[in-house]
Structures are given as structure tokens and as C-alpha cells.
Amino acid sequence: MQAASDIISTVEFNYSGELLATGDKGGRVVIFQHEQESKNRPHLRGEYNVYSTFQSHEPEFDYLKSLEIEEKINKIRWLPQQNAAHFLLSTNDKTIKLWKISERDKRAEGYNLKDEDGRLLDPFRITSLRVPVLLPMDLMVEASPRRIFANAHTYHINSISVNSDHETYLSADDLRINLWHLEITDRSFNIVDIKPANMEELTEVITAAECHPHQCNVFVYSSSKGTIRLCDMRAAALCDRHSKFFEEPEDPSSRSFFSEIISSISDVKFSHSGRYMMTRDYLSVKVWDLNMENRPVETYQVHEYLRSKLCSLYENDCIFDKFECCWNGSDSAIMTGSYNNFFRMFDRNTRRDITLEASRESSKPRATLKPRKVSTGGKRKKDEISVDSLDFNKKILHTAWHPKDNVIAVAATNNLYIFQDKIN
């Protein structure tokens, strides 16, 4: 049995792809570093080894509301690197923290007022002055919290996103989005508030939000009703009125009891180019051109074979699972997860797609992954897996794609898999 605290809840490469951070349900952040390939072991191209582990959040208790606040890390976002240190934002349901990760490989020796063990000396006994020297020591990686952004969210935080100006970021919960300055912890600006005056009139919640990669005034947020709103902070201080509204008209013939639940958007991501955005709902991934609001330019079915199983997925609560999606570095391919430890990749140019499995059996180190196929009734071919034998407890919700190389990170409950394209 795995410990529930080990379940990975977020995965994120930094801007260079050198570092990969994961957060888990126990409030820990583990950072992996890309090992430089050595001449004598060329087959180890692209190994990631543990670089630093630290406890980011602890469980807390809100005495006013008698609520326990989980330590689970909901999101991690890296800041672009400005100097030798690395900075990242991590958040649980209520509190965002800015962490500095830095290396120390030298120590000072030869103090005048302390002896070698660190005890203070009697100043009257000191007869000579020493110049302290820096001596090499074993590399230490230190993580220290530099800022704590608290008390700004009444509801659970689902997204954080660093702005392209690199000095502000936004955080979103179910009903509000706040804009922060990275240097200022005691106040934030509320830029979206969809909370109705009477909570009984509540019809939708915010599910995800992201800043545009190049225009620091533009951001989008998605809703549980399957719509996406693009807002421009130049238009007004409070962006309750959107600039663009993306929604695909529903096909009346496919309407069912579950239509509203499965149209809820679980993730939204801008392409690196800033021209497109991708949204993930329960059964599909859609790519939208920011210049066209009335329908997506591409739609990819992730696991259409589950449409007939929605009733049992509703009963076991899987229908509410929040799958994330990600772009590759050149925006030519996209990836998202599914059940049975399957994940799906779609090539946008050739329209080819593939299903792969992240499991200990199928993922021996340096073995090639075999494509998987799911059979939907009728005769099952030899290599196919029947829909009825899929394991819905094994789900891949969190994936990340290296910003430059074909290296992907896939979180399968408490295991992290890193795959790379094969080099001959």
C-alpha cells in the first residue's frame, strides 16, 4: 500500500528544463536535476536525480471556520532564473509561498571572535587578527522560504501563474482571482470576482487560470460550465467583464444527464507562441485560436470509449477527476492523461495520436514503450485491453513536457516516470 501523503499532486519543469519539481499530498516538494551526460556512460542521456527535498506546507487549522487546511501542494510554478539561485512558488488550498533554492559549496573559517567549535571568545584575550578564508566543502542545496502570501483566498486555490513581466503573478480560487506582486505579501488586487450576492444563485465556478506568455495584461480563466474568458487588465481594474468569451455550442443530439459535468474544464494552457490555448474537459482536449471564439480549431478525443461508462464513473466520483494537459516546446504536440496509467499524445501536424502506459511493468529503464489500444466491445484483438478491465484508481492527472527537448514527466499516483524519445 502506498502512503496517501506520497501521492504526487503537481509536476513542473523550470524554464530551462534543467530542474523538475514535484509536489505531493504530504506538503513536500522534491526537485530533480538533469544530470550532464558523461563520455563513459553515454546511454544515461537525460537522467534526472534528486537535487533537493523540502517540506513546503504543513497541515493547519482555521479556528474561525473550524476547518482543517490540507498540506497538499496544489500547484508549483517556477520563476525565470535571474541569478545562481532558483525560485519557485508553491501553494496549498490557502497559502502561497515563494521558495529560494540555492547551492553552498564553501564555508568561512578563521573567525576572530569565535573558536573552531563556534563558541564566543573573550575579546580581551584576542591578541592577533585573522583574515577569515573561504574553504571548499561538500555541496549543500538549501531551500528557504522568502515570502509567504496568505489570507487572500476564502475558497480553495486551484491555480497560480507567473506573469510575463516576471514581477507579478495571479492566484485563482473557485470564485475569485487575485493579482500579486512578488515583493509584496500583505496585499493583492482582486481582478475577478464571480461570487453572486446570494450564494444560492451560484451556477459556475472558476476551474483554472493562466497568464498570457508574452502580454502581461492578458489572462484567461476557465469555468465549470465549459467556457473560457479572456480578460485584459488594461480595460478595467476589475475584469468581471471579459474581452473574449470562448464557448463551443453544444450538439443537442448528444445531450445527456452528464453533459454539464463532463463539459467542465479542468485545465487551460496557453501555447508557448501565445497564439493558441488548450483546454481539457473530461473526455477531450480542445485547441483554440485566440482570434476565434465560437469554436475550437482542433478537438482530440482522449478516451471516447468512456462515454458509455459515465454512469458508473459518476457513481465512483471519477467523473470529477481533474486531468491536466501540456504542450511540447514547439507547440506541435500535446499530452494529457487518462485511466489505467495511460497517457495520450497528439501530433497537431500529422493528426496522429498514441496511447502509452506509465507502469513498472511496461516502463523498464531504457525499454521502448509499446502503444496501447482499448477495445470497445466486439472481438478483442490480442494486444488490446477491454474497457471493462481498465483500472480507474490508476489515473494520470499530472504531466509535464520539457520546454526544449522531447523529455516528458508523468505522475502516476506516487510514482514519477520520465520518458525521452529514443536516440539511435
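The structure under discussion appears in the preceding block.
Each value, and the rule that gives it
Along each chain, residues carry numbers from 1 onward, in the same order as the chain's sequence is written. At least 70 in pLDDT is required for a residue's local features to be given in this predicted model, at least 80 for side-chain atom pairs to be given and counted, and no such filter applies to totals for whole chains, interfaces and linings, which use all residues. Each side-chain value is derived from all of the structure's non-hydrogen atoms; neither hydrogens nor water enter the calculation. When DSSP finds at least two bridges between two strands, those strands are taken to pair. What counts as a helix is a DSSP run of H or I of at least four residues, what counts as a strand is a run of E of at least two, and both are numbered from the N terminus. Between N-to-C directions, angles span 0 to 180 degrees; the directions come from axes that are lines fitted to C-alpha atoms, helices contributing only their stretch in contact. Grouping buried Ala, Val, Leu, Ile, Met, Phe, Trp, Tyr and Cys residues that are joined through side-chain atoms within 4.5 Å yields what is termed a nonpolar core. Only protein chains enter the area calculation, which uses a 1.4 Å probe; residues under 20% of their type maximum are buried, those over 50% are exposed, and those in between are partly exposed. Any two residues whose heavy atoms approach within 4.5 Å at even a single point are treated as in contact. In the analysis that follows, any N or O atom pair within 3.5 Å is treated as a polar contact, provided that within protein one partner can donate a hydrogen and the other can accept it, and provided that, for residues neighboring in sequence, both atoms belong to side chains. Think of it this way: a Phe, Tyr or Trp ring, Trp meaning its six-membered ring, pairs with another when their centres are within 6.5 Å, and the plane angle makes it stacked under 30 degrees, edge-to-face over 60, tilted otherwise. For a ring to carry a charge above it, either NZ of a lysine or CZ of an arginine must fall within 6 Å of the ring centroid while also lying within 35 degrees of the normal to the ring plane.

(A) The arrangement of the sheet that holds strand S29 (residues 398-401) in detail. Pairing is antiparallel in the open sheet, where 3 strands are placed in the order S29-S30-S31. A strand with exactly one partner marks an edge of an open sheet, and here the two such strands are S29 and strand S31 (415-420). Direction aside, neighbouring strands of the sheet carry axes that sit 15° apart on average. Sheet topology places S29 next to strand S30 (residues 407-412); 4 bridges connect them, and they run antiparallel. Following the sheet pairing, His398 is matched in S30 by Ala411.

(B) Structural view of the nonpolar core. Core analysis: the biggest nonpolar cluster contains 19 residues, and Tyr282, Leu306, Leu313 and Leu390 have the highest contact counts within it. Residue contacts for Leu306: discarding those within four places in its chain leaves Leu283, Leu313, Tyr339, Val387, Leu390 and Phe392. If you look at the next biggest cluster of nonpolar residues, it comprises 15 residues, including Phe343, Leu369, Trp401 and Phe419.

(C) Main features of the environment of Asn49. Following the sequence through the fold, Asn49 ends up in strand S4 (residues 48-55). Along the chain, Asn49 and His34 lie 15 residues apart, while their C-alpha atoms are 6.6 Å from each other. Setting aside residues no more than four positions away along its own chain, Asn49 makes contact with Ile31, Phe32, Gln33 and Glu35. A polar contact is formed between the side chain of Asn49 and the side chain of Glu35, at a distance of 3.4 Å.

(D) Region of interest: the packing of aromatic side chains. According to the stated counting rule, one finds 18 aromatic pairs in the structure shown. Judged by centre distance (6.1 Å) and plane angle (10°), the rings of Tyr169 and Trp180 are stacked. Here Tyr169, found in strand S12 (residues 168-172), pairs with Trp180, found in strand S13 (residues 176-181); they are 11 residues apart in sequence, far enough to count as distant. Comparing Tyr169 with Trp180 shows no difference in burial state: the two are buried. Members of the aromatic cluster, connected to one another through ring pairs, are Phe257, Phe258, Tyr314 and Phe320. Between the NZ or CZ atom of Lys114 and the centre of the ring of Tyr111, over which it lies, the distance is 4.5 Å. The positively charged end of Arg348 is found above the aromatic ring belonging to Tyr276, 4.7 Å away from the centroid.

(E) Fine view of unusual backbone geometry. Positive phi is not limited to glycine here, since Arg351 has a value of about 65°. The residue Arg351 is located in the loop between strand S25 (342-347) and strand S26 (353-357) in this model. Among the residues examined, Arg351 registers a relative accessible area of 48% and is labelled partly exposed. One non-glycine residue with positive phi stands out, namely Thr413, at about 45°. Positionally, Thr413 belongs in the loop between S30 and S31.

(F) Summary view of the side chain of His57. Relative to the helices and strands, His57 is located in the loop between S4 and strand S5 (60-62). A polar contact is formed between the side chain of His57 and the side chain of Ser56, at a distance of 2.7 Å. When sequence neighbours within four positions are dropped, the list of residues in contact with His57 reads Gly26, Gly27, Glu71, Ile73, Ser90, Thr91, Asn92, Thr95 and Lys97.

(G) Examining the pairing of strand S24 (residues 333-337) more closely. Counting buried residues along S24, 5 of its 5 residues qualify, which places the element largely inside the surrounding structure. Side-chain alternation along S24 places Ala333, Met335 and Gly337 on one buried face and Ile334 and Thr336 on a second face that is also buried. As defined by bridge partners, strand S23 (residues 325-327) adjoins S24 across 3 bridges and the pair is classed as antiparallel. Pairing of Cys326 across the sheet is with Met335, part of S24. The antiparallel pairing of S23 with S24 creates a hairpin that spans 5 residues between the two strands, and Asp331 there sits at a positive phi of about 65°. Across 5 bridges, the pairing between S24 and S25 is antiparallel. Within the sheet, the bridge partner assigned to Thr336 lies in S25 and is Arg344. In this antiparallel pair of consecutive strands, S24 and S25, the connection spans 4 residues, and Asn340 shows a positive phi of 60°.

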